Amino acid sequence: MSGDARRGPGQLPQLRLDQLLEELQTRVDAVRGTRDRLHTLLEAVLSVGRQLDLPQVLRRVVETAVVLVDAEYGALGVVGQGDKLSQFLPVGIADDLRAEIGDLPTGHGLLGELIRHPEPLRLAELSEHPASSGFPPHHPPMRSFLGVPIRVRGEVFGNLYMTEKRGGAQFDDEDESVLATLAVAAGVAIENARLYEEARLREVWLEASAEFTAGLLSGMPEARVLETMVDRARQITSADLGVVDLVVEGSAGLRGALALGLGAEAHRGRLVPVEGTLAGSALQAAGLVATPDVSTDPRITYEPTRWAGLGPAVAVPMGARGVLVLARQAGRSVFNETETAPLPGFAGQAALALELAERRRVAEQVTLLEDRDRIARDLHDLAIQRLFATGMTLQSAQRFVEHPQAEERLHRAVDDLDETIKIIRSTIFGLRAHELHAPGSGLRARAARSVEEAVPALGFTPALRMEGLLDTDVPRAVADEALAVLSEALSNVARHAQATRTEVALVVRKEHLTVTVSDNGVGCVADGRRSGLRNLEERAARLAGDLSVGRGPEEGTHLEWTVPLRGLK
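Residues numbered from 1 in each chain as written. Predicted model: local features only at pLDDT ≥ 70, side-chain atom pairs only at ≥ 80, totals over all residues. Heavy atoms only, no water.

(A) Focus on the overall build of the chain. Helices and strands together make up the secondary structure of the chain, namely 16 helices and 16 strands. Scored against the burial criterion, the 569 residues of the chain give a buried share of 41%. When the accessible surface of the chain is summed, it comes to about 31,100 Å², and 53% of that surface belongs to carbon and sulfur atoms. (Helix = DSSP H or I, 4+ residues; strand = E, 2+ residues; numbered from the N terminus. Buried < 20%, exposed > 50% of the residue type's maximum accessible area, 1.4 Å probe, protein only. Areas by Shrake-Rupley, 256 points an atom, 1.4 Å probe, with all protein chains shown as cover.)

Here you go:
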């Protein structure tokens, strides 16, 4: 007899009941599993939405996605310019293995397929897809694949990539639905984080603008304020190099007034043309100019080697006064719109502050010139007349003096009065020299500016002493040579001396102009390069002068450049 035939009358219903109970239990477990998964998805959405820092949001999204679909590996790729990945955040691969694999993907092969066609993509064997280009050496094997796009305000921000579902299973419809739901929540969280980041950056930029504007209007030297401005801009944008190129009046060129950071020496103090430079492109465009690789940008034809080692860069004009340039090291991410959006306003504020500071200096110069006019009138109308009267009195008294020594002293006193009158007349001429020359064009003002411009390179402010009639007794040609000597000497101190203190003096005495620069650095190097000193010697020789360089009073270097003034006016 068969087994069914041997069963009793009540056994068949009992068997069917057991099967029904087993099936019911399976369905209950499935419902419970779906409920638990939905609960996990809800918690994941809430967790992602709590973050406001964008990098943390992106990391949290990909880590949560891996857990939800039970994948061994996952990644989030951010789409940048040219449909390439600007960021790639992998999960599941150890750091040492990631280092062996090498450069992170940029959007080729299957990853690029999802960029070109931003729709969910699920594969049982990713190597069989036509767009698959294989894996680099040391890359772990991957078969199953699930990818979904992340959209922010309707635009594709990036993609979620999941591979290798655990247990060798395949990603199913439910996995795709869960990942797509997370992608929607991620888009909202990313937008919130970006809005928060934009608001925070605007606040930081406003604080930086207020800081250097207050510095300029309070009388802080322009060079120091520019240094503060560039330093803050580098910090805010995480730039490796910051440069301020100012427009040179009367020429179609720019001067590197300040440069801080990586490769700054190639830009500091350099005169460059407008054509063929990044700064010039920003001036000509009258707006922000950006490039993903400044070292290979076809617009930069003037000395592109100055940008060696640098990659992403941005330049923004500071009104008509100059340009602010920021650059990052090669291989780093490009400047995004969130980072660069406040830059034009920041640069415009800088231009306005510089203009206000310039107007304040002009007003102070006018006041100074008015005071000089008053002093000159008083010296002419009062001091010289009294000295004339005293001299004439002494001369008339000489005939009543019979003692030879007393007569000699009176004669010497009269000569001293004559010399004093000459000095006062020369001083009056100097006080009124603004009638013949533009304000600030004298040797004193130009020397003070040269010393101030050297402060960023030196790292400290040199002590400056000026004596004698520098603006009246020194011809323009000699003043130009002296300023070139001063700039070269301070540049040598900045490059070679390792000094912490420098003293500068310009003195007119006994019809000679002397420029001295002393420092407390390492002193002269016997076998060092002397091209700069040869230039100074040649400048002195052309004016029948002399140059001496030796050990200073503080074991540093003492440079003295002297030229005669007689016959040069």
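Let's pick the thread back up.
(B) Layout of empty space enclosed by the protein. Applying the stated criterion across every chain yields a total of two cavities of 30 Å³ or more. Roughly 50 Å³ of volume is contained in the largest cavity. Contributing to the lining of the largest cavity are Asp245, Val272, Thr277, Leu278, Ala279, Arg306, Trp307 and Val325. For the second largest cavity, the calculated volume is near 40 Å³. Considering the residues around the second largest cavity, the lining is formed by Val243, Asp245, Gly256, His267, Arg270, Val272, Arg306, Trp307 and Val325. (1 Å grid on protein atoms, 1.4 Å probe; cavity = no way out; pocket = protein on both sides within 12 Å on 5 of 7 lines; lining within 4 Å. Points joined across faces, edges and corners; volume = space filled by probe spheres on them.)

(C) View of the pairing of strand E7 (residues 253-261). Among the nine residues that make up E7, seven are buried, leaving the element largely enclosed by the rest of the structure. By the bridge criterion, seven bridges tie strand E6 (residues 241-247) to E7 in an arrangement that is antiparallel. Residue pairing for E7: Val243 is matched across the bridge by Ala259. (Pairing = 2+ DSSP bridges.)

(D) Up close: a negative patch on the surface. A surface patch of negative charge is lined by Asp415, Asp416, Asp418 and Glu419. Examined against the element boundaries, Asp418 turns out to sit in helix H11 (residues 404-431). (Patch = residues over 30% accessible without salt bridge, like charges linked within 9 Å, V, L, I, M, F, W, Y side chains within 5 Å. Salt bridge = Lys/Arg side-chain N within 4 Å of Asp/Glu carboxyl O. Lys, Arg positive; Asp, Glu negative; His and termini not counted. Charge placed at Lys NZ, Arg CZ, Asp CG, Glu CD.)

(E) Looking closely at the sheet that holds strand E13 (residues 502-509). Spatial ordering of the open sheet is given by E12-E13-E14-E16-E15, a layout of five strands whose pairing is mixed. The open sheet is flanked by strand E12 (463-467) and strand E15 (546-551), the only strands paired with a single partner. Adjacent strand axes in the sheet meet at a mean angle of 10° when their direction is disregarded. Bridging between E15 and strand E16 (residues 557-564) involves six bridges; their strand directions are antiparallel. The residue bridging Arg551 from the neighbouring strand is Thr557, located in E16. Helix H12 (residues 443-453) rests against E12 and E13 of the sheet, and its axis sits at about 170° to E12. (Axes fitted to C-alpha atoms, helices over the stretch in contact; angles between N-to-C directions. Contact = heavy atoms within 4.5 Å.)

(F) Spotlight on the sheet that holds strand E2 (residues 85-91). An order of E2-E1-E5-E4-E3 is seen for the five strands of this open sheet, with the pairing classed as antiparallel. Looking along the sheet, the strands with just one partner apiece sit at the ends: E2 and strand E3 (121-123). Strand-to-strand twist in this sheet, taken as the mean axis angle between neighbours without regard to direction, amounts to 15°. Summarising the sheet, strand E4 (residues 145-152) and strand E5 (residues 155-165) pair through eight bridges and their orientation is antiparallel. Within E5, the residue paired with Val148 across the bridge is Leu160. Relative to E5, helix H5 (residues 109-116) is tilted by about 140°, and along the sheet it contacts strand E1 (71-79), E2, E3, E4 and E5.

(G) The arrangement of the packing of aromatic side chains in detail. For the coordinates displayed, the defined rule picks out two aromatic pairs. Aromatic side chains Phe88 and Tyr161 sit 6.3 Å apart centroid to centroid with 35° between the ring planes, which places their arrangement in the tilted category. Remark: Tyr161 occurs in strand E5 and Phe88 occurs in strand E2; sequence separation between them is 73 residues. When sorted by exposure, Phe88 lands in the same class as Tyr161, which is buried. Measuring from centroid to centroid gives 6.4 Å for Phe145 and Tyr161, while their planes differ by 35°, and the two rings are tilted. Highlighted residues: Phe145 in strand E4 and Tyr161 in strand E5, separated in sequence by 16 residues. Taking the relative accessible area as the measure of exposure, Phe145 reaches 2% and is therefore buried. Residue Tyr161 is classed as buried on the basis of its relative accessible area of 3%. Among the aromatic residues, those joined into a cluster by ring pairs are Phe88, Phe145 and Tyr161. (Phe/Tyr/Trp six-rings, centres within 6.5 Å; stacked < 30°, edge-to-face > 60°.)

(H) Spotlight on the packing of H12 against helix H15 (residues 476-497). Direction vectors running N to C along H12 and H15 enclose 15°, while the axes themselves pass 10 Å from each other. By the angle class used here, H12 and H15 are roughly parallel. The two elements H12 and H15 cross, and the hand of that crossing is right-handed. Here Leu443, Arg446, Ala447, Ser450 and Val451 of H12 lie close against H15, whose contacting residues are Arg476, Ala479, Asp480, Leu483, Leu486, Ser487 and Leu490. For the contact of H12 with H15, the class distribution of residues is seven nonpolar, two polar and three charged. (Parallel < 35°, antiparallel > 145°, perpendicular 65-115°, else oblique. Left-handed = near helix turned anticlockwise from the far one by under 90°. Nonpolar A, V, L, I, M, F, W, Y, C, P; charged D, E, K, R; others polar.)

(I) Inspection of H5 at higher detail. Of all the eight residues making up H5, seven are buried; the element is thus mostly covered by neighbouring parts of the structure. Burial in H5 covers these residues: Gly109, Leu110, Leu111, Gly112, Glu113, Leu114 and Ile115. Tucked inside the fold, the buried residues of H5 contact E1, E2, E3, E4 and E5.

(J) The arrangement of the pattern of salt bridges in detail. A complete count under the given rule lists 17 salt bridges for this structure. Here Arg166 makes a salt bridge to Asp70, at a shortest N to O gap of 3.7 Å. Here Arg166, found in the loop between E5 and helix H6 (173-217), pairs with Asp70, found in the loop between helix H3 (54-68) and E1; they are 96 residues apart in sequence, far enough to count as distant. Here Arg166 falls in the partly exposed class, since its relative accessible area comes to 43%. Asp173 serves as the salt-bridge partner of Arg122, at 2.3 Å between the closest nitrogen and oxygen. Remark: Asp173 occurs in helix H6 and Arg122 occurs in strand E3; sequence separation between them is 51 residues.

(K) Expanded view of the environment of Ala290. Turning to its location among the elements, Ala290 is positioned in strand E9 (residues 289-291). Residue classification places Ala290 among the partly exposed positions, given a relative accessible area of 44%. Spatially, the C-alpha atoms of Ala290 and Val334 are 8.8 Å apart, while their sequence positions differ by 44 residues. The contacts of Ala290, once residues within four sequence positions are left out, are Arg299, Ala313 and Val314.

(L) Highlighting the layout of surface pockets. For the second largest pocket, the calculated volume is near 1,400 Å³. If you go around the second largest pocket, you meet 43 residues; those closest to its centre are Leu54, Gln87, Asn336, Glu337 and Thr338. Elements represented by at least two residues in the lining of the second largest pocket include exactly H3, E1, E2, E5, H6, helix H7 (222-237), E9 and helix H9 (337-340). When residues in the lining of the second largest pocket are grouped by element, the largest group, eight residues, is from H6. Counted by class, the lining of the second largest pocket contains 19 nonpolar, eleven polar and 13 charged residues.

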